[in-house]
Each structure stands twice: as C-alpha cells, then as structure tokens.
There are 2 protein chains.
Amino acid sequence: MMKVGAMQLGVAPPANRGIAILDFVLRIIAIVGTLAGAIAMATTNQTLPFFAQFVRFRAKFNDLPSLAFFVVASSIVSAYLILSLPLSVLHMVKANAVNSRVLLLFLDTATMGLLMAGSSAAAAIVLLAHDGNNKVNWFAICQQYNSFCKRVSGSLIGSYAGVVVLILLILLSGVSLSRR
Amino acid sequence: MMKVGAMQLGVAPPANRGIAILDFVLRIIAIVGTLAGAIAMATTNQTLPFFAQFVRFRAKFNDLPSLAFFVVASSIVSAYLILSLPLSVLHMVKANAVNSRVLLLFLDTATMGLLMAGSSAAAAIVLLAHDGNNKVNWFAICQQYNSFCKRVSGSLIGSYAGVVVLILLILLSGVSLSRR
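Residues numbered from 1 in each chain as written. Chains lettered and ligands numbered in written order. Predicted model: local features only at pLDDT ≥ 70, side-chain atom pairs only at ≥ 80, totals over all residues. Heavy atoms only, no water.

- In the nomenclature of an unreviewed UniProt entry, chain A corresponds to CASP-like protein from the organism Centaurea solstitialis.
- According to the UniProt record, the Subunit (unreviewed entry) comment for chain A is "Homodimer and heterodimers."
- Checking UniProt for chain A, the heading Subcellular location (unreviewed entry) contains the comment "Cell membrane". (UniProt positions renumbered as here; feature names shortened; annotations may be inferred.)

Next comes the structure, spelled out in structure tokens:
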C-alpha cells in the first residue's frame, strides 16, 4: 500500500524518468533538424548570371507553392517542438503523469503528419526540378538553378530527420504509458 | 484479489473493450478510404480524342513518379491495415494487452507517415497539373486531361481520410494504454 501511495504522489519510477530524459534530448535534435531545414529553404535564392529566354533571373523558394508550404509547415513544427519542451521537463519530474502524455502523443502525431506532408510535397517538386517530366513537358530546371537545387534538396534531409525523431518520440510515449 | 486475478487472465474492463471495438470500426473505414484511393488512382487513364503537338495521347498515373509512389504507398498501407485487423480483434478479447498495443501504436505511426508522404507528394503534383507554374515554365495539363485530373484529385480525398482515421487510431491506442 505504501508503494502504491508513493507512486500516486508522483515519485518517478526510474525507467520512466530515463524515457523522459531521452524524450527531451530527442526533441532538441528534432528542433535542430526541422529549424535548419526551414531556414535553409527560406534563405535559398539564386540569381542567374546570364540572360535566357523563358528562364527567370532569380529563383526563390516562394516561386514554388510546395516549397513555400514546406517552409510554413517546418516553422509551425519547430515552434510546436519548442513549446513542448516544458511538458517534456514536467514528465522528468512527474513520471507517472498520464493525461499530459496522451495529449503530447496526440500533438506529436499531428505534428509528424504536418512535417511529413510539407517534406513530401517539397520532395515531389524537387524531384521534378531535378528530372523534369517529358511526358507532360515539364522541363528539369536544376541545370540552370544548380546551387538552388542543391540547397533545397539538402534542406529536406533536416526535416526528414525530424520526421524520424518524431516517430521515435511517439513510440517513447507509448512505452512510457505502458510502463506506469 | 479475485478481481485482480480475473483481470490478469484477460477479462476486459468495459472502457477498453469499447475502445477496441471503435479501433476495429475505424480500421475498416481507413481500409475503405485508402483502398478506394489506390484503386481510383491506379485505374485512371485518359486517351485524348485529338492530336496535339507536345501532348501525349494517353495519360496514366505512372507517367508521373509521384502518383506511382502514391499508388504503391496506399497499397502497402491498405495491406498493413487488413493484416492489423486480427490484432485489433485480439484487443477486444484481451483488453489489457500491453506489448501488442505498443507494437500497433508504432506500426500505425509509421503507416500514417507513409500514407501522408504518398498523399502529399501526389497532391503537390496534382496542384501543379491544375495550376502549372509560369515562373519555371511548367504548364497546367488539366485543360487537356480534364477527367484524368478530376479522378486523380478525387482519389486523394480517400487517402487523406485514411490519414485522419490513422491519427485517431494512434490517439485511441494512447488512451487505452493510459486506462489499464
């Protein structure tokens, strides 16, 4: 009875405290990846040194709606992850908190979906920019905008890393809910 | 002591049995949406009745890699959801199962990510097919391939419905893990 009473008062079992610390570290990694991706994409632009018919002089992320969506989605996800840090700290102290863990599980899931949507929409456009599609006469633009394409492709790595970390965070929430 | 013994033998508390039944029903809905989306996309093709330079006569989903990825991703997700039904039934009978619930939570999360990736990549390409992009000279193709575009856009609805249902399933897993 004493043991049950202690757990109800919020004394953390060691396993769940370890999970809470890992949760915090993974959130920091996800913030770095997502924010780096958003900033890299948002600050990319390339001005062409030569004139060419049908080709614009300057390429920027907001010329392509899917890349603009990527920047908005990554920014929202970064902001959410930063705001979720206090709750993650709370779980280190109060390791058998239930409702806040379920809330975080739900928000993490929705956030992962948003980040995946932004990354995949951008990836589809980046693929098209690299390869073009001769069936529907969409030309590859990466020959012209080479450094633009390289940087845009690189910024996807950060956000896909963020997706993987968010999936791990959801798994951790499930494990810690199951271990109370 | 008798009550604890009965629960350890697998007699379900009523709340978790209700959640397990809802889980099963939601899975059926997700299968219908995802499979309908995959089939609608895979069977779409439009043959143009007139000749036009630079325009191909026949449009099919596998002319565009992102739409092909959508079909593959939706098929994998449908297959997974069908295979997950026995586990969902098991949870109705054995409502305090823990490990299988955490496993299902993880697989549901990965599956939701895959479905979201496929849907969003396809959505980015469908948006481009509708609007085109005059900055990089990608022309809208939906004027020519009107019925193709309509059906492809429609098939996205089914798979986005599947994404929403999968997020609800993940939330339900979290709630039932917290209620043991």
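And the narrative resumes.
**Considering the overall build of chain A**
Here comes step 1: Each helix and strand in chain A was counted, giving 5 helices and 2 strands.
Here comes step 2: For chain A, the succession of helices and strands along the chain, N to C, is α-α-β-β-α-α-α.
Here comes step 3: The proportion of buried residues among the 180 residues of chain A is 52%.
Here comes step 4: In chain A, of all internal contacts separated by at least 6 residues, the share reaching a separation of at least 24 is 77%.
Here comes step 5: As displayed, chain A offers around 8200 Å² of accessible surface, 72% of which is attributable to carbon and sulfur atoms. (Helix = DSSP H or I, 4+ residues; strand = E, 2+ residues; numbered from the N terminus. Buried < 20%, exposed > 50% of the residue type's maximum accessible area, 1.4 Å probe, protein only. Contact = heavy atoms within 4.5 Å. Areas by Shrake-Rupley, 256 points an atom, 1.4 Å probe, with all protein chains shown as cover.)

**Points about the state of the cysteines**
Residue and element names in this part refer to chain A.
Here comes step 1: Under the criterion given, the structure shown has 2 disulfides over all chains.
Here comes step 2: With a sulfur-sulfur separation of 1.9 Å, Cys142 is cross-linked through a disulfide to Cys149. Across the disulfide from Cys142 to Cys149, rotation about the S-S bond amounts to roughly -80 degrees, and the bridge is consequently left-handed. Each member of the pair, Cys142 as well as Cys149, carries the same accessibility label: buried. (Disulfide = S-S within 2.5 Å.)

**So, the side chain of B:Asn16**
Here comes step 1: Checked against the element boundaries, B:Asn16 lands in helix H2 (residues 14-42).
Here comes step 2: Not counting residues within four places of it along the chain, the set of residues in contact with B:Asn16 comprises B:Ala95, B:Ser176, B:Arg179 and B:Arg180.

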